[in-house]
Amino acid sequence: MSAEFGKYNASLHRAHQLANDFLDTLDTGAAGVTKSYEELIIEWEQELPRDGTNPEDVIADIAKAAAPGLMRNQSGRFFSWVIGGTHPSALGADWLTSAWNQNSGMFTVAPAASIAEEIAGKWLKQLLHLSSEASFAFVTGCQMAHFTCLSAARNHIFHEAGWDIETQGFYGAPAIKVICSDQKHVTVNRALRMLGFGTNIMTQVRTDASGRIDADDFAAAMAKDSGLPTLVLLQAGDLNTGAYDDFQKIIPIARNYNSWVHVDGAFGLWASASKKYKHLTAGIELADSWATDGHKWLNVPYDCGYAFTAHPEAHRRAMSQPASYLTHKSQSRDQMDWNPEFSRRGRGFATYAVIRELGINGIEALIDRTCQHAHTIVEEAGKLDHVEIVAMPIINQGLLRFHDPNSTSQADHDQYTEEIIHKINVTGEAFFQPTTYKGKRCMRVSVSGWRTNEEDVRRTVEAIRKALADDFVG
Ligand SMILES: *Cc1c(COP(=O)(O)O)cnc(C)c1O
């Protein structure tokens, strides 16, 4: 064994042990972190080192410093935000991705990485029932999937108007308009900012009580300044309620005008992979682009998102940038023609692994099971006194609100909801986050992890019951 190999071996061996130690605490350790910034930073703070340290010891020190600040978001009782776990094959593939360390921007630089993405991308389109002709990119998350899709949209819209946005930019460009729902995710704002549109360009259309865009308001917004090319931003899976816009109704309205329809399906697009929930995405194939995540519902390790477009030419025009020192091969996939990154991680391996591990049936079971668990938690907790069900899960997202037994004021219920969430979280039994939905403070019940099982659901409902009961004692 060479000295260099010996160092890798020792470092990886130690990392493997420490990773196992952590994974072994997913069921027993606290689901979430409730320690403060001050308590956590002392674990890390030290003078900038003048001399180096043996790699194995660095690994051990990092694991020790990180331990109190590690969320067990991969546990079965973590219901905050929309955060998945990681399937075993994907974790293994992700380790190999690091060990191989391929610069996965193009085929000539990293052939295996290019092919893994080509195949995994084809499979994703089949799983999500998107056209086999759709272009795609593996990016860091849904945020960058929006950016990628909307770059393609921007190229297409201005190209149709006789304007090459890639070379001419926005100075003197023709006007366009942007229509979205008032429940759009904040990553849409950021994508519009990064692409130079700014956020003032958005016309926000009203949504109904469940969070679906109002078709009449939408039609009216489309009809206004109807001569302008329009970028339409719809949602498949609202983060609070899991609501889906009515694609069958809305997209045909948009089609009466010169428009590009983009769908934010960060997690919700995965309903397409389930026979039981597929009806929610009916008509979604009529859109021009779709953004989703691997690291949420598919349980691929961070970071992983997917962008798809129905306009490969526009997508490619928006991203490709020839360089004299790079050789493109005609039959193979060069990710930099589709991705905003240049040098990048080999994102296809972990996705390929999960799809192999689960198959079509396993992915469908994952979707159905997590939806069922979300439903049970909301339904069972909803039977307790002083609990209001604000949103019964349509898919894997629901909302609960806790009513202060000593008050009828909405502001007190807001405060009380926060207090109950805190009470649950400090027990470590489950981990939830608040949100404000249509003016009401609520607790989100978001079930994305593959490991959540019936015992986790039982323990969680019990933790909610106890938090409420303890309160009545005090
Ligand atoms: C999480 C989420 C996003 C952003 O996805 P990232 O993977 O965090 O970039 C966008 N839209 C919705 C609806 C989401 O839930």
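Look up a bit, the structure's there.
Since we're looking at a predicted model, the values are computed, not measured. (Residues numbered from 1 in each chain as written. Predicted model: local features only at pLDDT ≥ 70, side-chain atom pairs only at ≥ 80, totals over all residues. Heavy atoms only, no water.)

S.K.: Sorry if this is basic, but what is going on with the packing of helix α9 (residues 215–223) against helix α10 (residues 247–255) here?
M.R.: Geometry of a packed helix pair, given as the angle between the helix axes and the separation of the axes. Axis separation between α9 and α10 bottoms out at 10 Å; the angle between their running directions is 10°. With respect to α10, the axis of α9 lies roughly parallel. Contact with α9, carried on its side by A215, F218, A219 and M222, involves K249, I250, I253 and A254 of α10 and no other residues of that element. Each residue belonging to the contact of α9 with α10 can be placed in one class, and the counts come to seven nonpolar, no polar and one charged. (Axes fitted to C-alpha atoms, helices over the stretch in contact; angles between N-to-C directions. Helix = DSSP H or I, 4+ residues; strand = E, 2+ residues; numbered from the N terminus. Parallel < 35°, antiparallel > 145°, perpendicular 65-115°, else oblique. Contact = heavy atoms within 4.5 Å. Nonpolar A, V, L, I, M, F, W, Y, C, P; charged D, E, K, R; others polar.)

S.K.: Looking at this structure, how should I read the pattern of salt bridges?
M.R.: When the charged atoms of two side chains lie near each other, side chains of opposite charge can form a pair. Tallied over the full model, the rule gives 23 salt bridges. We note a salt bridge from R206 to D217, for which the minimum N-O separation is 3.1 Å. A residue pair is termed long-range when its members are at least 10 positions apart, and R206 in the loop between β3 (202–205) and α9 and D217 in helix α9 qualify at eleven residues. Taken together, the shared-partner salt bridges in this structure form one network comprising E388, R401, D414 and K440. (Salt bridge = Lys/Arg side-chain N within 4 Å of Asp/Glu carboxyl O.)

S.K.: So what exactly am I meant to see when it comes to the pairing of strand β1 (residues 135–139) here?
M.R.: Consecutive residues of a regular strand have side chains that alternate between opposite faces of the sheet. The element β1 is extensively covered by neighbouring structure, given that five of its five residues are classed as buried. Side chains S135, A137 and V139 of β1 all project onto a buried face; the interleaved residues F136 and F138 project onto the opposite face, where all are buried too. Inspection of the sheet shows β1 paired to strand β7 (residues 305–309) by five bridges, in the antiparallel sense. Directly across from F138, in β7, lies its bridge partner Y306. (Buried < 20%, exposed > 50% of the residue type's maximum accessible area, 1.4 Å probe, protein only. Pairing = 2+ DSSP bridges.)

S.K.: Even after reading the chapter, I still don't get the side chain of R347, so can you show me in this structure?
M.R.: Along the chain, R347 turns up in the loop between α11 (312–319) and α12 (348–382). Here R347 falls in the buried class, since its relative accessible area comes to 9%. Within the structure, the side chain of R347 is placed 2.9 Å from the backbone oxygen of D303, a separation counted as a polar contact. Beyond its immediate sequence surroundings of up to four residues, R347 is in contact with E117, F138, V139, T140, D303, C304 and E341. (Polar contact = N/O pair within 3.5 Å; in protein donor to acceptor, adjacent residues only side chain to side chain.)

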